[in-house]
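This is what each chain is made of:
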Amino acid sequence: MAENSHHPPVSHSEMPPPVTVGRRRNTVRLGLVFLACLAWIILTRLHTADEPLDRDICTQILMGRVLADGGRLYVDTLEFKPPGMFVIWQVIHQLVGTSPQVVVWTNILVTTLSLIGVYMAASAKPWGFSAGLWAMGFWTLISGDMMLEANQPSNEVFINMFMVWGIALWMRAEAAPVGRWRYAAAGLFLGCATLIKPVLITVVCMALGWFSAGGLAPKTLKRRAGTIALVLLPVAVGWGLMVLYFVCRGRGDALYDGVVRYAIFYAKSQGGHAEIITPSIWLNILQGFTDKLFPPWMFFLAPLTGLTILGIVGAWLDGQRPQALTLAGCLLGTLLSVSIPGTYFPHYYGLYLPILAVGAGWGTAAVANSLRKRVLAWGIGLAALLLLLWHIVPDLRLDAETWARMKHADPGGTFREIERCGAAVDRMLLAEESVYVWGEDPGVYYYSHRRPASGIFWANRLIWGPSKKPATLKVLDDLNKNQPSLVLIEEGSLLPSDHPVGQWINHHYVRSPKARFSELFTVYLRRDSALAARLSTNQEPFVLTLTDVNPGFLKQSADDLLQTGRSREALAYLQKAVAIDASHPEIDNQLAWLLATSSEAGLRDGPRAVQLAERACQLTDFKEPVYVGTLAAAYAEEGQFEPAIVAAQKACELTSKSGTPELLDTNQERLVLYRAHQPYHEDADSTQIKPSTGAMSGADR
């Protein structure tokens with residue numbers, strides 16, 4: 001005590017700051033980063049909120065609605081996945097509904113919960129707080145990637161939420177004073193993930209990685225076995241309870257047919273669209289390890305993949321072998337889960353996203369710890385973030401519809417057209433009337449807000465696979481009970497002439513070309529139905545009463561009408577198309593040509609023709625000779641012969657360069673008329689569209 005008394009007193013300013021100050025700073029940093037990440041997630045998801053839902057999400061939502069109405073899964077509605085996703089949408093539907101707005105905010109909520117889970121997983125041993133922050137940044141940027149179709153709440157989005165929380169609890173359990181409950185909680189989250197899709201192989205690979213990391217000492221093996229048992233027990237109990245439920249409900253065989261038999265058929269047939277199957281699922285796995293290992297839509301994740309490898313190696317070298325091998329096992333299991341179905345859709349690869357975010361956070365921290373140069377680690381992390389931004393920001397400049405067309409390789413805008421068709425059906429049917437769609441896109445049901453006539457939405461289930469006979473009988477029973485007023489047959493979707501559903505439709509329904517409202521579907525009306533009566537009394541083509549119609553289909557219909565000389569009806573279709581969407585120069589050109597050159601004086605409208613022709617030329621930079629020729633005809637009809645001569649000369653010049661002598665001769669003949677101050681009009685008996693319209697003649701179609 002005497003020696004200590006000689007030490008001078010230490011002032012408060014010289015004392016080290018309390019630990020709580022550092023924790024407060026970290027808490028503030030974490031809060032700021034979280035808010036920035038949350039803002040990015042909300043803004044990017046709202047940016048594409050208007051994007052139409054793809055067919056898988058529509059299917060899941062509709063199946064949830066069927067369950068909410070008391071339907072029986074695997075009997076009244078068929079799928080080859082476990083029931084988790086459908087039960088989730090059932091609960092959401094019963095609580096807040098399943099409108100497009102609810103779907104968007106559900107996606108934001110799930111992605112945000114995954115963000116927290118990513119931080120919890122990455123900030124666990126061995127790397128801590130900084131790794132968690134980097135992982136949050138990586139996850140925020142990659143979680144909504146367009147080409148991985150990750151900006152909508154697909155199966156993979158929900159699986160990732162459960163999976164990353166399972167990983168987080170697993171990683172943190174080893175260092176926790178009461179870690180045993182965390183192992184069980186990790187198993188509960190992982191079990192929920194497997195009940196959405198049977199990604200059991202991922203959980204097994206993680207367990208094997210964890211088990212093999214402790215060496216061969218008997219005590220270590222016993223302890224590891226106990227840990228793995230705690231993790232796997234909730235998974236096994238979850239599956240056991242699910243099977244027990246369906247068996248007690250008398251649907252055990254239906255569950256087996258859907259989740260086991262059909263799933264195996266789907267994998268062997270690589271999509272369930274043919275009876276020809278591959279010799280073995282092992283071929284799918286081999287392909288997944290070779291040419292499908294890193295497809296083009298995964299290239300932007302190369303920096304994170306490299307950082308993840310660094311993180312796993314760094315954890316191994318740091319003595320954290322269980323964590324290293326668990327994350328490696330998760331990567332291997334995910335590769336197998338993606339490969340086994342044999343279809344390799346881009347959204348399947350979305351299962352890698354949380355793993356790579358966590359692993360890249362580890363890798364960035366590993367560089368700082370091994371080289372003891374935080375600046376270098378910051379540089380590597382920022383470089384990875386900038387590369388991700390370089391990949392993502394150009395996509396954010398696109399509108400929702402362009403985004404949908406690009407990521408689905410769908411230049412025709414099928415999903416948007418499905419949304420329009422749903423709106424059309426909504427207008428066609430009364431509240432008590434139903435619709436049946438034969439095809440593989442149930443979006444019409446979702447967007448029409450109408451009760452589907454059958455809970456089996458995919459036609460391929462009725463043609464191929466082990467469930468085709470009972471599924472066909474179920475659909476026939478549903479159709480006989482509900483007697484839908486309207487049946488839509490999706491173009492390109494196989495309906496064999498001898499299929500019982502096709503025979504039933506042909507017996508009870510009549511094909512109605514006049515009621516057709518889209519090039520995607522052929523329309524059938526039930527004989528003597530109230531809908532057929534309403535349409536038969538319509539004074540104009542029914543399609544013209546609809547606001548949500550594909551302009552391309554209207555133009556096609558107008559072309560067909562012009563081939564038969566029905567100019568007035570064609571004019572109505574073209575005017576409707578222009579009113580719906582003014583961004584189609586070919587439609588502007590077609591209508592302008594009709595208004596300028598029709599043989600019927602009552603149809604001609606020179607000023608309107610000039611307006612449309614000028615817009616068509618402006619949209620194509622006056623480089624399309626057909627459109628410039630139409631502009632010349634419109635000027636002549638309005639009496640502006642000097643501009644008509646200039647435009648006709650321009651059309652001749654462009655046609656000469658394009659190497660179409662027949663069209664050049666035609667334009668030169670019309671130039672002679674314009675120089676004589678005479679407009680060009682088609683012959684009254686002509687049923688062939690002239691070359692200046694840009695359409696093909698009847699003989700060419």
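Residues numbered from 1 in each chain as written. Predicted model: local features only at pLDDT ≥ 70, side-chain atom pairs only at ≥ 80, totals over all residues. Heavy atoms only, no water.

Undergrad: Please clarify how the nonpolar core should be interpreted in this entry.
TA: The tendency in soluble globular proteins is for nonpolar side chains to be buried side by side. Core analysis: the biggest nonpolar cluster contains 153 residues, and Phe138, Trp170, Leu304, Tyr436, Leu486 and Leu488 have the highest contact counts within it. Examining the composition of this core, we find that 14 residues originate from one element, helix α7 (residues 155-173), more than from any other. Setting aside chain neighbours within four positions, we find leucine 488 in contact with Val425, Val435, Tyr436, Val437, Trp438, Val444, Phe517, Phe521, Thr522 and Val523. In terms of nonpolar packing, the next biggest core, distinct from the first, is built from 44 residues, Ala596, Cys617, Ala634 and Ala651 among them. (Core = buried A, V, L, I, M, F, W, Y, C linked by side-chain atoms within 4.5 Å. Buried < 20%, exposed > 50% of the residue type's maximum accessible area, 1.4 Å probe, protein only. Helix = DSSP H or I, 4+ residues; strand = E, 2+ residues; numbered from the N terminus. Contact = heavy atoms within 4.5 Å.)

Undergrad: In this structure, what is going on with the sheet that holds strand β3 (residues 509-511)? I would like to understand it.
TA: The strands making up a sheet are joined through hydrogen bonds of the backbone, oriented either antiparallel or parallel. Here we have four strands laid out as an open sheet, ordered β1-β2-β4-β3, and mixed in their pairing. A single partner strand is all that each edge strand has here, and the edge strands are β1 (435-438) and β3. On average, each strand axis in the sheet is inclined to that of its neighbour by 25°, with strand direction left out of account. Contacts between helix α18 (residues 414-428) and the sheet are confined to β1, β2 (486-490) and β4 (521-526), with β2 contributing the most and set at about 165° to the helix. (Pairing = 2+ DSSP bridges. Axes fitted to C-alpha atoms, helices over the stretch in contact; angles between N-to-C directions.)

Undergrad: Which parts of the structure should I look at to understand the environment of glycine 606?
TA: Note that glycine 606 resides in helix α26 (residues 606-619). For glycine 606, the contacting residues outside a window of four places in its chain are Ala634, Glu637 and Glu638.

Undergrad: I'm lost on the confidence of the model for the chain in this one. Help?
TA: Detailed reading of predicted coordinates is not advised where the pLDDT is low. Taken over all residues, the pLDDT of the chain has a mean of 85, while the share at 70 or more is 90%. Between the elements of the chain, mean pLDDT differs from a low of 38, seen in helix α1 (residues 2-5), to a high of 96, seen in helix α5 (residues 100-122). Contacts for the low-pLDDT stretch residues 1-16, under 50 throughout, to residues beyond four places or in other chains number one contact. With pLDDT under 50 throughout, residues 685-701 is counted as low confidence; its partners more than four residues away or in other chains account for 41 contacts. (pLDDT = per-residue confidence, 0-100.)

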